[in-house]
Amino acid sequence: MYSWMSMSSSRKRLFIKTYGCQMNVYDSERMKDVLHPLGYEPSDAPDGADLVILNTCHIREKAAEKVYSELGRLRPLKEAKADDGGMTIAVAGCVAQAEGAEIMKRAPVVDLVVGPQTYHKLPELIAKAHRERGEALDTEFEVEDKFDRLGNDRQVEGFTAFVTVQEGCDKFCTFCVVPYTRGAEWSRPVDQIVAEVRALAAKGIREVTLLGQNVNAFHGEPPAGREADGPWGLGQLVRHLALIGGIERIRFTTSHPRDMDDDLINAFADTPKLMPYFHLPVQAGSDKILKAMNRQHTAEEYIAIIEKLRAARPDIAISGDMIVGFPGETDRDFEATLDLVREVNYASCFSFKYSKRPGTPGAAMFNQIDETVKSERLQVLQDLLNAQQISFNEAQIGRTLPVLLEKAGRMPGQLHGRSPYLQAVHVEAPEALIGTIIDVKITGASRNALSGERVRTQQDAA
Ligand code: 5AD
Ligand code: SF4
């Protein structure tokens with residue numbers, strides 16, 4: 001007990017480097033939150049930091065190598081800090097999960113390793129590391145409820161926030177490490193989510209993005225008094241969160257086509273706060289490749305979902321993820337991907353070359369595709385996706401869009417905000433309006449941003 005108190009008595013510097021997905025960005029924020037009571041203040045650089053955390057992502061190839069080279073760069077900084085209180089180095093996240101013991105062996109500069117499910121134990125691990133450097137190792141999944149332990153005093157900046165509602169994945173796509181590193185699919189109880197979103201709203205948050213690796217598989221314990229409902233799906237959760245005053249916009253990511261149900265599709269029709277922008281990865285357009293990927297749906301079934309969504313909410317825009325060069329992909333299979341992309345017409349879409357992830361079934365497949373073929377296909381696909389993104393953005397010219405103003409822009413007098421479709425929007429408006437949603441008439445568009453003029457309402461004119 002005494003050591004905790006002495007640790008909190010002085011201010012210490014914490015540097016977190018975050019790799020990968022939004023889930024990791026969120027996890028890093030949580031790490032800052034749990035460490036704040038121990039006196040750790042976030043810092044912008046590792047030099048002179050008391051604690052450095054690399055919050056890693058395992059989803060792309062060479063992720064582990066990147067972490068090792070970063071650790072190499074940190075070594076002299078740690079040596080320089082040796083006579084000034086020392087520097088503790090932690091590796092967190094999915095690489096930690098996958099390679100825990102190996103990291104400690106290969107990089108003695110690391111003091112501790114924390115798996116993605118156990119960062120609420122960071123304070124305890126840090127305290128231990130101060131006593132016995134290099135001995136702590138904690139990457140085991142635990143079934144306990146980490147959200148109960150984190151408290152509600154997270155620091156909020158800005159007007160948008162991520163809220164984890166679901167973790168893990170049971171889909172086992174043959175290219176993906178998530179089911180191994182993040183474990184079994186698990187949903188957070190509705191009451192906990194509501195409490196967190198209420199607290200965020202009270203702190204000025206206007207937009208929440210519900211996060212989960214397979215978020216539309218959500219099946220959370222119903223709120224107190226509604227036990228008879230049985231588990232709530234994501235559509236029910238979204239409608240319930242839309243009732244919270246102050247919350248103006250709701251988004252969620254990432255969804256799987258197999259878990260789309262009519263209730264969630266209908267939520268897009270009946271819940272205006274649910275933004276008309278939906279990320280639904282498909283990965284490939286050929287049924288043969290979808291089967292080899294174990295996606296558990298066909299291209300036609302995916303298109304049918306998109307059509308239903310468009311019928312429910314005519315202004316909905318679709319984004320996605322695509323992989324080219326999965327083992328066995330022929331030119332014809334790749335053509336099927338291009339056909340699907342033309343049919344869907346994406347507002348934006350991430351695209352990747354397939355990369356072997358050790359331990360996944362895809363890595364063991366014998367019919368791997370040549371790197372040059374993968375690169376050529378990626379180029380063709382990206383040219384098509386870029387053209388679609390530009391024409392989607394240009395189609396906004398002349399429209400009036402509600403824009404959530406987030407911060408000052410680069411030019412004097414200019415503010416930066418987001419459209420319902422997550423497009424960056426630049427507009428001239430007084431700084432007092434930051435944190436509000438204003439109507440903007442779009443006058444310009446590029447691939448990555450829109451610009452426009454503020455439309456004054458009658459209220460403004462009065
Ligand atoms: N190779 C290429 N892309 C991958 N993704 C996941 N695993 C791999 C892999 N082994 C992509 C998928 C997923 C996104 C988050 O990353 O498109 O939807
Ligand atoms: Fe990975 Fe998503 Fe497939 Fe789950 S659904 S295995 S997270 S790609």
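*Asks:* Can you lay out the site of ligand 2 for me, pointing to particular residues and giving the numbers?
*Replies:* Around ligand 2, a shell composed of C169, K171, F172, C173, F175, C176, V178, P179, H256 and R295 is seen. Residue classes in the shell around ligand 2 are distributed as seven nonpolar, one polar and two charged.

*Asks:* Break down the packing of helix α10 (residues 262-270) against helix α12 (residues 299-312) for me, with residues and values.
*Replies:* As a packed pair, α10 and α12 sit with axes 8 Å apart at the nearest point and diverge in direction by 35°. The two elements α10 and α12 meet at a crossing, and its hand is right-handed. From α10, D262, I265, F268 and A269 reach across to α12, where they touch K308, L309 and A312. Tallied by class, the residues present in the contact of α10 with α12 amount to five nonpolar, no polar and two charged.

*Asks:* Hey, could you go over the pairing of strand β15 (residues 400-408) for me, with residue numbers and the actual values?
*Replies:* Bridge count for β15 against strand β18 (residues 437-445) is five bridges, and the pairing is antiparallel. Along β18, the bridge assignment pairs V403 with I438. Inspection of the sheet shows β15 paired to strand β16 (residues 414-418) by four bridges, in the antiparallel sense. Residue pairing for β16: K407 is matched across the bridge by H416. Where β15 folds back on β16, the antiparallel hairpin that results is connected by five residues, among which G413 adopts a positive phi of roughly 85°.

*Asks:* How would you summarise the site of ligand 1 if you had to cite specific residues and measurements?
*Replies:* Within the structure, ligand 1 sits among ten residues, and F175, Q283, D321, S355 and R357 are positioned closest to it. Interatomic distance of 3.0 Å between a backbone N/O atom of F175 and a nitrogen atom of ligand 1. A distance of 2.7 Å is found between an oxygen atom of ligand 1 and a side-chain nitrogen or oxygen belonging to Q283. Alone, ligand 1 offers 410 Å² of accessible surface; in the complex the protein occludes 87% of this. Every element with two or more residues in the shell around ligand 1 is listed here: β13 (317-324) and β14 (348-353). Classifying every residue of the shell around ligand 1 gives five nonpolar, two polar and three charged.

*Asks:* Describe unusual backbone geometry, and please don't skip the residues or the numbers.
*Replies:* With an omega of 10°, the peptide bond between T253 and T254 qualifies as cis. On the secondary structure map, T254 appears in the loop between β11 (249-253) and α10. Despite not being glycine, N294 has its phi angle at roughly 60°, a positive value. Along the chain, the position of N294 falls in the loop between α11 (287-292) and α12.

*Asks:* Explain the sheet that holds β11 residue by residue, including any values.
*Replies:* Taken in spatial order, the three strands line up as β7-β10-β11 in an open sheet, and their pairing is parallel. Both outer strands of the open sheet, β7 (160-164) and β11, are each paired with one neighbouring strand and no more. Across the sheet, the mean angle from the axis of one strand to that of its neighbour is 25°, orientation sign disregarded. Taken together, the five bridges between strand β10 (residues 207-211) and β11 define a ladder with parallel strand orientation. By the bridge assignment for β11, V208 is matched with I250. Strands β7 and β10 of the sheet are contacted by helix α8 (residues 190-202), whose axis makes an angle of about 165° with β7.

*Asks:* Account for the nonpolar core, with residues named and values stated.
*Replies:* Ranked by size, the top nonpolar core spans 66 residues in total, and within it L210, F252, L309 and Y346 carry the most contacts. Looking at which domains feed residues into this core, each of domain 2 (156-275) and domain 3 (308-395) gives three or more. Not counting the four nearest positions on each side in its chain, Y346 is found in contact with V282, Y302, I318, S319, G320, M322, L340, V341, L385, Q388 and Q389.

*Asks:* Which residues make up the environment of V215, and what values go with them?
*Replies:* Along the chain, V215 falls in the loop between β10 and α9 (234-241). Residue V215 is classed as buried on the basis of its relative accessible area, which comes to 0%. For V215 and Q166, which are 49 residues apart along the polypeptide, the C-alpha to C-alpha distance reads 5.8 Å. With residues near it in sequence (within four places) discarded, V215 still touches V165, Q166, L210, L234, F252, T253, T254 and S255.

Parameters at a glance
Residues numbered from 1 in each chain as written. Chains lettered and ligands numbered in written order. Predicted model: local features only at pLDDT ≥ 70, side-chain atom pairs only at ≥ 80, totals over all residues. Heavy atoms only, no water. Near = heavy atom within 4 Å. Nonpolar A, V, L, I, M, F, W, Y, C, P; charged D, E, K, R; others polar. Axes fitted to C-alpha atoms, helices over the stretch in contact; angles between N-to-C directions. Helix = DSSP H or I, 4+ residues; strand = E, 2+ residues; numbered from the N terminus. Left-handed = near helix turned anticlockwise from the far one by under 90°. Contact = heavy atoms within 4.5 Å. Pairing = 2+ DSSP bridges. Polar contact = N/O pair within 3.5 Å; in protein donor to acceptor, adjacent residues only side chain to side chain. Areas by Shrake-Rupley, 256 points an atom, 1.4 Å probe, with all protein chains shown as cover. Core = buried A, V, L, I, M, F, W, Y, C linked by side-chain atoms within 4.5 Å. Buried < 20%, exposed > 50% of the residue type's maximum accessible area, 1.4 Å probe, protein only. Domains from an automatic or database assignment.

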